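# Structure assessment
Each chain, written out:
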Amino acid sequence: IIIMALAIIVAFRYEVGTDWINYKQYYYSGIAFDKPSGKAEPIFMFIRDICYKLGFSHALFFLVNSLISLYAIYKAALLFNVRNVYITFFVYLSLFFCSLQFNIVRTGVMASCVWLAYAYESQDKLIKAIVWIGIGSGFHYIALLFLPFLFIINKRLTTKWFVSVLGVGVLLYVIGFGSKILELFPFLALIDRVSGYVDSGEAESYGLSMGVMFNMALCVCLYFKYRKEYD
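Presented here is a report on the structure given in the accompanying data block. Counting restarts for each chain, with residues numbered from 1 along the sequence as it is written. For a predicted model such as this one, the threshold for reporting local features is a pLDDT of at least 70, and the threshold for listing and counting side-chain atom pairs is 80 or more; totals across whole chains, interfaces and linings nevertheless cover every residue. The side-chain figures draw on all heavy atoms in the structure; neither hydrogens nor water molecules are used.

## Digging into the nonpolar core
With 30 residues, the main nonpolar core has Phe44, Phe61 and Leu70 as its most contacted residues. Should any heavy atoms of two residues lie within 4.5 Å, those residues are considered in contact. If sequence neighbours within four positions are ignored, Phe44 has contacts with Tyr23, Tyr26, Phe61, Asn65, Arg106, Gly138 and Phe139. Within this scheme, the nonpolar core is defined by two criteria: the residues are buried Ala, Val, Leu, Ile, Met, Phe, Trp, Tyr or Cys, and they are joined through side-chain atoms within 4.5 Å. Exposure is judged per residue with a 1.4 Å probe applied to protein chains only, and the accessible area is read against the type maximum: over 50% gives exposed, under 20% gives buried, and values in between give partly exposed. Listed in part, the 14 residues of the second largest apolar core include Ala76, Leu79, Met110 and Ala143.

As structure tokens, this is what we get:
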């Protein structure tokens, strides 16, 4: 009931979300204006084509994508043996719902698929995990970057390793390493606004946002508070 209620809210919203008009225009035109080829990822495009050819409005298209995303989270919670699944949705609603359901829709579905893939990996079901990474890439190609982590996610992180990775990451940001990589390989900047995320001086650069700093702080707090219980 919760999943359906949330999906209906997502589906029948009106002018809610920065990308609302972009996805609506994509649905009725079939052209992804943010892509040089005009084509979106295959599964996302397939769902659009089916809904459009059957004569449904964009609301049903939004509904289907939201249902896939929310169900994947529910299934992942079960596989992770979360005792109270409602807690999972409470956290999702508190931190991610507005962003992943109202704005970056393709990224939202992809994130849910990746989460489900990791849940299957926690049950030693590698094939299903890889399949769900593949499904996620059908909504956003960046899901493929999460594939290698399937093979290291079960490794216990030592404090030294954790602090080193975090420290190196911050250092690379401070010295502008991402911008230097883009200068060497300019074509990378064309991949879904990568240039904005590495703060290369673009007009729409995101930089080290409050959200990123909050996520890092949360990660550090959770690690040091629960590292003895880490599973």
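## Quick look at helix 4 (residues 58-79)
The periodicity of an α-helix, 3.6 residues per turn, causes residues three or four positions apart to be oriented the same way. Taking 1.5 Å per residue, 22 residues should reach 32 Å; helix 4 reaches 32 Å between its end C-alpha atoms and fits that length. Once helix 4 ends, the next one or two residues include Asn81, with phi positive near 60°. Working definition: helices are DSSP H or I runs of at least four residues, strands are E runs of at least two. Numbering for both runs from the N terminus. Here, expected helix span is obtained from the residue count minus one, scaled by 1.5 Å.

## Side note on the environment of Tyr223
Residue placement: Tyr223 occurs in helix 12 (residues 210-226). Residue Tyr223 is classed as buried on the basis of its relative accessible area, which comes to 11%. For the pair Tyr223 and Phe162, spaced 61 residues apart in sequence, the C-alpha separation works out to 8.8 Å. Once residues within four sequence positions are removed from consideration, Tyr223 is found in contact with Leu157, Thr158, Thr159 and Phe162.

## Considerations on the pattern of salt bridges
By salt bridge we mean one thing: a side-chain nitrogen of Lys or Arg within 4 Å of a carboxyl oxygen of Asp or Glu. What the rule picks out here adds up to two salt bridges. Linking Glu41 and Arg106 is a salt bridge whose minimum nitrogen-to-oxygen distance equals 2.7 Å. Taken together, the positions of Glu41 in the loop between helix 2 (20-29) and helix 3 (42-53) and Arg106 in helix 7 (residues 105-122) put the pair 65 residues apart, joining distant regions of the chain. Taking relative accessible area as the criterion, Glu41 reaches 0% and is therefore assigned buried. By relative accessible area, Arg106 is classed as buried at 7%. A salt bridge links Asp49 to Arg48, with the nearest nitrogen and oxygen atoms 2.9 Å apart.

## Some remarks on the environment of Lys24
Within the secondary structure layout, Lys24 lies in helix 2. We classify Lys24 as partly exposed; its relative accessible area is 25%. Taking the C-alpha atoms as reference points, Lys24 and Phe224, separated by 200 residues in sequence, lie 44 Å from one another. Ignoring anything within four residues of it in the chain, the contact list for Lys24 reads His58 and Phe62.

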